[in-house]
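Observations on the three-dimensional arrangement
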Amino acid sequence: MIVIDLFITGKCIRDSDGPNYDLDDAKVEDWIFTITSTIGAYGSKKDFSILIHVPKSLTELDVASISAKLREFHHIHTIELKSELMVMKTQSLDALSKGVPIMIAALSLNFVIEKDHNYFEFILKESLYIFGWVSMWKPIELLLYDRWPLNRKLKSYDKMLTLPISIIS
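It should be emphasised that the depicted structure is a prediction, and the values quoted were computed from it without experimental measurement.

**Looking at the pairing of strand 1 (residues 2-7)**
Burial of the side chains of strand 1 is restricted to one face: I2, I4 and L6 are buried, whereas none of V3, D5 and F7 on the reverse face is. Pairing between strand 1 and strand 4 (residues 48-53): six bridges, direction parallel. Opposite L6, over in strand 4, you have I52 as the bridge partner.

And the structure:
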């Protein structure tokens, strides 16, 4: 089991004088980055746990409030990631709608030119091949490569919610 150590200091708490502690949002963002980065580095199929080190003066802090804060930020981040994935899907379809016709036109022109064999037509033919394939570069990049890091990040956020949390002082 991989243990993710997180530390709370007095600076991490808002309203530390009152009966209800409230974790500082910036610190929770740092925690989430640490948790999701660790999950991403080791893979989401491994077993993880979160161990939070708390000073003795903050004994009122409980696992439920930390879990609630992580769930709140999980909800915010997953909505953002899903929105990014939808934008990427729209961009992919837009790029495909432009790239495929350009490639078909370039290869069709290439087929027409292929009957003659002089130097200029050879260069034009090869240029059309390259132009056709370059027109498909962005759609292929969007569909095959750009969305996988976002999907992995989304899995890391989902995995974060299932991790057992322990608090020690």
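**Comments concerning the packing of helix 1 (residues 25-42) against helix 2 (residues 63-113)**
Taken N-terminus to C-terminus, the directions of helix 1 and helix 2 make an angle of 75°; their axes are 11 Å apart at the nearest point. In this view, helix 1 runs roughly perpendicular relative to helix 2, as classed from their interaxial angle. Taking contact as the criterion, the partners of D25, V28, E29, W31, I32 and I35 in helix 1 are, on helix 2, I66, K69, L70, F73 and H77. Of the residues in the contact of helix 1 with helix 2, the class split is seven nonpolar, one polar and three charged.

**What to know about a nonpolar patch on the surface**
On the surface, a nonpolar cluster with roughly 490 Å² of combined accessible area is contributed by L107, Y129, I130, W133 and V134. Of all the elements, helix 3 (residues 119-135) adds the most residues to the nonpolar patch, at four residues. With respect to the helices, strands and loops of the structure, L107 is situated in helix 2. For L107, a relative accessible area of 31% translates into the label partly exposed.

Basis of the calculations
Counting restarts for each chain: residues are numbered from 1 in the order of the written sequence. Given that the model is predicted, a residue must reach a pLDDT of at least 70 before its local features are reported, and side-chain atom pairs must reach 80 or more before they are shown or counted; all residues, however, enter totals for whole chains, interfaces and linings. Each side-chain value is worked out from all heavy atoms of the structure, with water and hydrogens disregarded. Throughout, exposure labels follow a simple rule: accessible area from a 1.4 Å probe, protein chains only, divided by the maximum for the residue type, with under 20% read as buried, over 50% as exposed, and the rest as partly exposed. By the criteria applied, helices consist of DSSP H or I runs no shorter than four residues and strands consist of E runs no shorter than two, each listed in order from the N terminus. By this definition, two strands are paired if DSSP reports at least two bridges between them. Note on definitions: angles span 0 to 180 degrees between N-to-C directions of axes, and those axes are lines fitted to C-alpha atoms, for helices only across the stretch in contact. An angle below 35 degrees is treated as roughly parallel, one above 145 as roughly antiparallel, one from 65 to 115 as roughly perpendicular, and anything else as oblique. By definition, residues are in contact when any of their heavy atoms lie within 4.5 Å. Throughout, the ten residues Ala, Val, Leu, Ile, Met, Phe, Trp, Tyr, Cys and Pro are labelled nonpolar, Asp, Glu, Lys and Arg are labelled charged, and all others, Gly among them, are labelled polar. A patch consists of residues exposed above 30% relative accessible area that lack any salt bridge, with like charges linked at up to 9 Å and nonpolar side chains (Val, Leu, Ile, Met, Phe, Trp, Tyr) linked at up to 5 Å. For accessible areas, the Shrake-Rupley method is used with a probe of radius 1.4 Å. Any residue's cover is judged against the shown protein chains and nothing else. Counted as salt bridges are all cases of a side-chain nitrogen of Lys or Arg within 4 Å of a carboxyl oxygen of Asp or Glu.

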